[in-house]
Structures are given as structure tokens and as C-alpha cells.
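The residues making up each chain are set out below.
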Amino acid sequence: MRVIPVNNYQEMSDLAAELFIQEIKNDPEVVLGLATGGTPEATYRSLIQKSQDLDLSRIHTFNLDEYEGLSPSHPNSYHRYMAERLFEPLQLKASQTHLPRGDAADLENEAERYEQLIQEKGGVDVQLLGIGENGHIGFNEPGTSFTSRTHIVDLKPSTREANARYFEKKEDVPNRAITMGIASIMDSRRIILLASGERKKQAMAKLLNEDKTQDFPASILQDHPYVTIIADEPALSAVSFEKGEPAAEYMADQREWELR
Ligand code: PGA
């Protein structure tokens, strides 16, 4: 895993957008894996600003997850989140953008359909990830099998709590979701994980300083050959760098840090 330390949320977001633009320029048919939540919002804004001269007509996008029971037009659905923050501003066609349907009559079938669709499009080339405070990636909560494919999950109370800010009432946060599995995420050719803010510092310390365990889903990324972590100073503030170097000294150097 390669860590690129940056000073703040905006720098993280601009850099992530830049990496995505490079990917699109290198391959106009690139398949992008996208994420929702607070973390990627400014990345999407930056991508929109920088995308004027890009040919986006042949890209495809796959999102990680969707809440159970919410239709694409529901204001809290991830379909809506993506439409507003990225797909409509970029004028992507509906046929280019893919999310699992949380309102499918048969969610098990939907999970299989989604997994197959990703394969049909050739797999995800570059997957954007946030990280939950409990180490979840997508909605893969602690304890999820590392071999999981797209599946239905019960959301942990801590995750529902963290996401309640988007809903009118905490009780409105759905109890279940459909998410790409950990093995599906690991199939991506490249992964860019973003982390910003003090709220993520324990998660980053576990990811970067502790061993792989199913109790901390993101730790599987230690086994992926091509992970780039872009994280800001507060998010890295509890990480011990190689040879016990504290994060602050490491940050002063602005080196990229090859962890494993
Ligand atoms: P956040 O969520 O970007 O809203 O912090 C990240 C996640 O839970 O994966």
C-alpha cells in the first residue's frame, strides 16, 4: 500500500480527482468504482470542475452499495446521491452508471445480477473507497468474510448512527443494505482509499499498523497489489510510520510511504 499524505480534505480531494482524470485519459473505456458518504463529495466536485475536456462517453461506473428498500428517486438513496453529485453534472447516460437496486423484489437475485454485470463490463479498473470508523469498506461490516461477493448486510448500529446525519430521523436509516463484497472489491485492478479527519485516525492506525483480520474489513487491502491511500494529517495522526517515525515528521517530508 502506498500512502500519500496531504494537509487537508481539499488537497486529498483534488489529488483523488486528478488520479481519476489520469485514469480516464489513459483509457476512455475505463470502468470506475465509486463510493458515497461524506469523504468523496469534494472529489466529485473537483472531478466535475476538471473534466471539461474529457471524453466520458465510454466510461462505466459501478457503485459499492445501496440501502435496502430505497428506490433510485428516494432522496436518501445512493442512486440520488450519485445522480446529484456526479452523474447529472457530468451528463453521463443512465446506461453508463450502475448501482445495485436496494428496492429489487429479490435482493439475492439482484446481488447476483450486479456481480455478473461487473464481470460483463470487464471488472472495475479503479475503485474509490472511503473507510468506516469500524473499518468497513462498502457496507462490509466487521466479521464479513474476505471471500464475500455482492450480498445483503445488516448494518451495525454504529454505521446507522454515522449515516443518520443524512436522514431526517435516525430511525429512518435502513437496517439493511446491498453491497459489493470484499472479494468483489479486491478484484479491482487499482484501489484509491481516501481518509480525512480525526474521526478516521484509529481506523487508519489499524489499517496501516496492525495485522489483517476479518474484524477489520479494510485490513484485507494489505494483500492488494495496487492500493493508493490519500489521507490528511488528522487522519494519519495516530499512525506510526516505519521505524517508529511519528506521522508529523513523515508529513514534513511529504514522501510517499510504501508500507508493505
Ligand atoms: P464517510 O463514510 O465518508 O461518510 O466518512 C465512509 C464510510 O463509511 O465508508
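Residues numbered from 1 in each chain as written. Predicted model: local features only at pLDDT ≥ 70, side-chain atom pairs only at ≥ 80, totals over all residues. Heavy atoms only, no water.

Okay, the packing of helix α1 (residues 9-26) against helix α2 (residues 41-50) next. The packing of two helices is summarised by the inter-axis angle and the distance between the axes. At their nearest, the axes of α1 and α2 sit 8 Å apart, and the two run at 50° to each other. Considered as vectors, α1 and α2 are oriented oblique to each other. Two packed elements cross with a definite hand, and for α1 against α2 that hand is right-handed. Two secondary-structure elements touch here, α1 through Tyr9, Gln10, Ser13, Asp14, Ala16, Ala17, Glu18, Phe20 and Ile21 and α2 through Glu41, Ala42, Thr43, Ser46, Leu47 and Lys50. Taken together, the residues of the contact of α1 with α2 break down into 7 nonpolar, 4 polar and 4 charged. (Axes fitted to C-alpha atoms, helices over the stretch in contact; angles between N-to-C directions. Helix = DSSP H or I, 4+ residues; strand = E, 2+ residues; numbered from the N terminus. Parallel < 35°, antiparallel > 145°, perpendicular 65-115°, else oblique. Left-handed = near helix turned anticlockwise from the far one by under 90°. Contact = heavy atoms within 4.5 Å. Nonpolar A, V, L, I, M, F, W, Y, C, P; charged D, E, K, R; others polar.)

Another point: the site of the ligand. The full set of residues close to the ligand is Gly37, Gly38, Thr39, Gly130, Ile131, Gly132, His136, Arg165, Arg199 and Lys200. For the ligand, an oxygen atom lies 2.6 Å from a polar atom in the side chain of His136. One nitrogen or oxygen atom from the side chain of Arg165 is found 2.9 Å from an oxygen atom belonging to the ligand. The residue inventory of the shell around the ligand, partitioned by class, reads 1 nonpolar, 6 polar and 3 charged. (Near = heavy atom within 4 Å. Polar contact = N/O pair within 3.5 Å; in protein donor to acceptor, adjacent residues only side chain to side chain.)

In this section: unusual backbone geometry. Positive phi is not limited to glycine here, since Gln91 has a value of about 55°. Examined against the element boundaries, Gln91 turns out to sit in the loop between α3 (78-87) and β5 (97-98).

Our focus in this paragraph is the confidence of the model for the chain. When pLDDT drops low, the exact placement of atoms in the prediction is not to be read closely. Taken over all residues, the pLDDT of the chain has a mean of 93, while the share at 70 or more is 93%. Predicted confidence is poor over residues 248-255, with pLDDT under 50, and the contacts of this stretch with residues over four places away or in other chains come to 18 contacts. (pLDDT = per-residue confidence, 0-100.)

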